[in-house]
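Below, each chain spelled out in residue letters.
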Amino acid sequence: MSARSWQQNRKAKMSVALGVLLLALTTLTLTVVTRLPEEWGISAGFAQLLAMATGAIGLGNGLVQFLSWWRKRGAATAAPTSADVATAKDILGGLVTQQWRDETVLRSLCDPEPMPLPWHSAGRRELADRPEIIAKGTVAFPGLDVHIADMARNFRALRSRRLVILGGPGTGKTTLAVQLVLELLRTREPDEPVPVLLSAARWDDRVYQRLQDWLAASLAMDYPALRAEDLGVDMPETLVARGEVLPVIDGLDELPDTARADMLNALNRSMYETDQLILTCRTEQFAESVEEIGDVLTAAAVIEPQPMSPAAAADYLEACLPPRPHSVWPHVLEELRKGTVPALSEVTSTSLGLWLVRATYIAPRVDPSPLLELGRAGAAELHDHLCDQLIPALVSTRTPADGPPQPFRPQHRWTPEQVDRWLTYLSRQLARNGMHDVAWWHLARYTSSRTVRIGAAIAIGAAVWLAFGLLTGEPRLGAMIGLFSALVAETLIGSWFTESPGHADFHLRGRLAELLPALRDGLIVGALGAIVGWLMPYASRTPEFAPTSSAQIGLLSFVGYVALLSLIRWVESPTADLTARSPRSTWQADRNLTAIRILGGLVVGLATTSVLLYSALPLAMTIVVGLVLGLLFGLVLGRHHAWLAYKLTVPRLATKGMLPLRAMDFLDDAHRLGLLRTEGPYYQFRHVELQQHLARERVGSPGGGA
């Protein structure tokens, strides 16, 4: 039995076991309720209906999943065809291209042209494998200022097509990786793998022992279109297993020392002879890892940049100047070419330094005289000055559009002080937790959730108290049930703050037929509920109520299963025409899933109201009880509550000044400003150096002790 089949088998059996347990608990509850003192004034009729319907839905759901697994266990799974794989590769290639072309525009990587950083084979031979293993004849990547198209050709000429991009801080390793991804995609032949850029910080080798396992999980998370049913079963795993994905792993240096060495070991253990790979890392950290494991990355060419000459840096900056630059610029460029401003020469020898100068002094068209003064001081001092000026410069030059929103300009107005304060808070949280990804669902983990959990549990308990108090006319019973509900809710809500986001797909074309099995399964659950409802009066020695009880519980079971469980499963199934997953789309998807869950709960509430009206209870009472219980079911049920946790957390952070109330809008605008970048559903600081600069303690700065 395969690992996947074993997991499905275990899940199906657990569903049945949980269903039996739920039915047993509801039966026990009925036994207690029916023996309450008569002076409490409750017939327990509604409690019986609700409890038995809940138990029938739980048991029916388990049986349906078990039967589904039983039907499929002996059937052979159709292997994906070559056409399926080719279609999936085209979809993946299109999504990756869309994702990184947008990032290229936001980062101004090719405006006016790629930065002229020369790359060459690493001079330290101990960092690379033997030349004859890397390439036929002479090792590629000579010390020339090659075009990105030449770089892609050199990469394809390698025996195993494995490349390590080294360099110091801010030397353009990620920039080169992005440009290589786009060029390889642009010129990709049908039989070539699809390059996918991933952050090394996302790989936890304690969870994923092999590169292939992590790569498949990342594809499923970042590109849910690959999990569409019409592409076949387990398409992300299939693409990875067949070597149809070229992983471009960025930022090995961002991992702790031991983790870097472990990842390098895992890469060597995981890769087959024909597996391709591109890896970026700082030179010093890569050398330390190689020394620690006593081995290099097998069959990989290793390249590193040559420092940009002052003349080349001056030429690039001059090309970026507007037609009528500030009058001081010619003097700055002249001094840079002469080498009389050593700090400026050192800073602009890297792509990060060039970008900082361009963003802080060229784009806002301000007086560049400080570059002359600080250019004769220390490089660290000039670098810190540029980082300090970066946020005010970007906020002033990239203002929101007055008309319709534009794709590469922020959509809201923020002051430089606000942007600085909120990004400082995020950078310190990342440093404190040893992380590099800003995930919107992780915001709920940055502060204690105890107060919110207790408050939400009290609210839920009060709502249940109100509903049962109105229904029974006995506040004491309502208080008991409300207290029990509050305790259960507090336990369930605790997991909301650690859950990952879910995905809701509302595409209808060609998918309506998928609802037919849900209706079929709903009829099975409804029939089970009818049987339970028929037997219940006999157990309580009131057989004359069997037909009514059977009809009511059967109806509630059918509606509850279809509206809550089947509908949620249906919308969680992705389609092949989804766009690349971004932080914003992930946030919206989980919000939509929450809305669907609440809608399903309200449908169940309306069904409950109908049953209560049939029982001749007052109209106003039945409406309140049905809506309250339906809303609570919709909120509490399900496995994805990241959006709810976000909505419960952000107001508390906003009151402390750590983040704005519109946190997602701010993160999205920080990306549009060029301060953050996106990788799948995550935000990341565009440059680790900026994150480290903001994370340093500042006297009296907000968030320092958060």
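What counts, and where the lines are drawn
Residues numbered from 1 in each chain as written. Predicted model: local features only at pLDDT ≥ 70, side-chain atom pairs only at ≥ 80, totals over all residues. Heavy atoms only, no water. 1 Å grid on protein atoms, 1.4 Å probe; cavity = no way out; pocket = protein on both sides within 12 Å on 5 of 7 lines; lining within 4 Å. Points joined across faces, edges and corners; volume = space filled by probe spheres on them. Helix = DSSP H or I, 4+ residues; strand = E, 2+ residues; numbered from the N terminus. Nonpolar A, V, L, I, M, F, W, Y, C, P; charged D, E, K, R; others polar. Pairing = 2+ DSSP bridges. Axes fitted to C-alpha atoms, helices over the stretch in contact; angles between N-to-C directions. Contact = heavy atoms within 4.5 Å. Buried < 20%, exposed > 50% of the residue type's maximum accessible area, 1.4 Å probe, protein only. Core = buried A, V, L, I, M, F, W, Y, C linked by side-chain atoms within 4.5 Å. pLDDT = per-residue confidence, 0-100. Phe/Tyr/Trp six-rings, centres within 6.5 Å; stacked < 30°, edge-to-face > 60°. Expected span 1.5 Å × (residues − 1). Parallel < 35°, antiparallel > 145°, perpendicular 65-115°, else oblique. Left-handed = near helix turned anticlockwise from the far one by under 90°. Salt bridge = Lys/Arg side-chain N within 4 Å of Asp/Glu carboxyl O.

Engineer: Which residues make up empty space enclosed by the protein, and what values go with them?
Structural biologist: Under the defined criterion, the tally for this structure stands at five cavities of 30 Å³ or more. Looking at the second largest cavity, the residues that line it are P193, L211, Q212, L215, V240, G243, V245, P247, D275 and Q276. At the level of secondary structure, the elements contributing two or more residues to the lining of the second largest cavity comprise α7 (211-222) and β4 (245-250). Among the elements that make up the lining of the second largest cavity, the one with the highest residue count is α7 (three residues). Broken down by class, the residue content of the lining of the second largest cavity amounts to six nonpolar, three polar and one charged.

Engineer: Run through the sheet that holds strand β5 (residues 277-280), naming residues and quoting values.
Structural biologist: Pairing in this open sheet of six strands is mixed, and the strands run β1-β6-β2-β5-β4-β3 from one edge to the other. Two strands close off the open sheet at either side, each with one partner strand: β1 (119-121) and β3 (194-199). Strand-to-strand twist across the sheet, computed as the mean angle between neighbouring axes with direction ignored, equals 20 degrees. Pairing between β3 and β4: six bridges, direction parallel. Looking across to β4, one finds that L197 is bridged to V248. With respect to the sheet, helix α6 (residues 173-186) is in contact with β1, β2 (162-165), β3, β4, β5 and β6 (301-305), its orientation differing from that of β3 by roughly 155 degrees.

Engineer: With reference to specific residues and values, describe the environment of L231.
Structural biologist: Structurally, L231 can be placed in the loop between α7 and α8 (235-241). Overall, the relative accessible area of 3% leaves L231 in the buried class. Setting aside residues no more than four positions away along its own chain, L231 makes contact with D84, T87, A88, I91, A225 and L226.

Engineer: How would you sum up the sheet that holds strand β7 (residues 437-438)? Please name residues and give values.
Structural biologist: Either a parallel or an antiparallel arrangement is found when strands of a sheet pair, and the pairing is made through backbone hydrogen bonds. In spatial order, the strands read β7-β9-β8; together these three strands make up an open sheet with antiparallel pairing. At either margin of the open sheet sits one strand with a lone partner, and together these are β7 and β8 (676-679). Summarising the sheet, β8 and strand β9 (residues 682-685) pair through four bridges and their orientation is antiparallel. Residue pairing across strands places L676 opposite F685, the latter belonging to β9.

Engineer: Tell me about the nonpolar core, and please be specific about residues and values.
Structural biologist: With 86 residues, the main nonpolar core has W329, L371, L423, L426 and L675 as its most contacted residues. Excluding residues within four positions of it along the chain, L426 makes contact with V438, L443, Y446, L659 and L667.

Engineer: Any details on helix α5 (residues 148-156)? Residues and values, ideally.
Structural biologist: Taken residue by residue, α5 has I148, A149, M151, A152, N154 and F155 as its buried positions. Of the surrounding secondary structure, the elements contacted by the buried residues of α5 are β1, β2, α6, β4, β5 and β6.

Engineer: Talk me through the confidence of the model for the protein; I want residue IDs and the actual numbers.
Structural biologist: Looking at the protein as a whole, the pLDDT averages 77, with 68% of positions reaching at least 70. The model gives residues 1-8 a pLDDT under 50, and that stretch makes six contacts with residues more than four places away or in other chains. Here residues 28-44 is a poorly scored stretch, pLDDT under 50, and it has 18 contacts once near neighbours within four places are set aside; other chains count.

Engineer: Please give an account of the packing of aromatic side chains that cites residues and values.
Structural biologist: In this structure the tally under the stated criterion is ten aromatic pairs. Between W203 and W214, the ring centres sit 5.1 Å apart and the planes meet at 5 degrees, which makes this aromatic pair stacked. Highlighted residues: W203 in the loop between β3 and α7 and W214 in helix α7, separated in sequence by eleven residues. Relative accessible area serves as the criterion here: at 1%, W214 is assigned to the buried category. Note on W414 and W422: the rings are 5.6 Å apart at their centroids and 85 degrees apart in plane angle, and the pair reads as edge-to-face. Judged by its relative accessible area of 11%, W414 falls in the buried class.

Engineer: Give me the lowdown on the environment of S495, citing residues and values where you can.
Structural biologist: When you line up the elements, S495 lands in the loop between α19 (475-494) and α20 (515-539). The class of S495 is partly exposed, set by a relative accessible area of 32%. In the structure, S495 is positioned 144 residues away from R639 in sequence and 9.1 Å away in space, judged by C-alpha atoms.

Engineer: Can you explain the pairing of β4? Please cite residues and give values.
Structural biologist: Within β4, six of the six residues are buried, which leaves the element mostly enclosed by the surrounding structure. Covered by surrounding structure in β4 are V245, P247 and I249 together with L246, V248 and D250, the residues of both alternating faces. As judged from the two bridges shared by β4 and β5, these two strands associate in the parallel manner. Bridge pairing in β5 links I249 to L279.

Engineer: Give a description of α6 that names residues and reports values.
Structural biologist: Taking 1.5 Å of rise per residue, 14 residues should cover 20 Å, and α6 covers 20 Å from first to last C-alpha, within 8% of that figure. Burial runs high along α6: twelve of the 14 residues are buried. Along α6, the positions that sit buried rather than exposed are K173, T174, L176, A177, V178, Q179, L180, V181, L182, E183, L184 and L185.

Engineer: Go over the packing of helix α9 (residues 257-270) against helix α10 (residues 283-293), please, and point to the residues and values.
Structural biologist: Running from amino to carboxyl end, α9 crosses α10 at an angle of 70 degrees, the nearest separation of the two axes being 9 Å. What the angle tells us is that α9 and α10 run roughly perpendicular. Pair α9 / α10 crosses with right-handed handedness. Between α9 and α10, the contacting residues are D257, R260, A261, L264 and N265 on the first element and Q285, F286, E288, S289, V290, E292 and I293 on the second. Across the contact of α9 with α10, the residue classes tally to five nonpolar, three polar and four charged.

Engineer: Explain unusual backbone geometry to me, using residue names and the numbers behind them.
Structural biologist: A positive phi angle, near 50 degrees, is found at R161, a position not held by glycine. For R161, the position within the fold is in the loop between α5 and β2. Relative accessible area serves as the criterion here: at 21%, R161 is assigned to the partly exposed category. The backbone of A299 sits at a positive phi, close to 60 degrees, despite the residue not being glycine.

Engineer: For the packing of helix α16 (residues 379-397) against helix α17 (residues 416-433), give the residues involved together with the corresponding values.
Structural biologist: Two numbers describe how α16 lies on α17: the axes approach to 9 Å, and their chain directions differ by 130 degrees. As the angle between them shows, α16 and α17 are arranged oblique. Classified by chirality, the crossing of α17 by α16 is right-handed. When α16 is examined against α17, the residues I391, P392 and V395 are found in contact with a partner set consisting of P416, V419, D420 and L423.

Engineer: Go over the environment of M664, please, and point to the residues and values.
Structural biologist: Positionally, M664 belongs in helix α25 (residues 663-673). When near neighbours in sequence (up to four residues on either side) are disregarded, M664 contacts W440, P583, R584, W587, Y646 and Y683.

Engineer: For the pattern of salt bridges, give the residues involved together with the corresponding values.
Structural biologist: Here the idea is simple: oppositely charged side chains can pair when their charged atoms come close. Inspection of every chain in the model, using the stated rule, returns 22 salt bridges. With a shortest N-O distance of 3.3 Å, R188 and D90 are connected by a salt bridge. Residue R188 is found in the loop between α6 and β3, and its partner D90 is found in helix α3 (residues 82-107); the two are separated by 98 residues along the sequence. When the shortest N-O distance is used, the salt bridge between E334 and K338 registers 3.1 Å. Remark: K338 and E334 occur in helix α12 (residues 329-338); sequence separation between them is four residues, near one turn of the helix. A relative accessible area of 38% means that E334 is categorised as partly exposed. Since its relative accessible area comes to 53%, K338 is described here as exposed.

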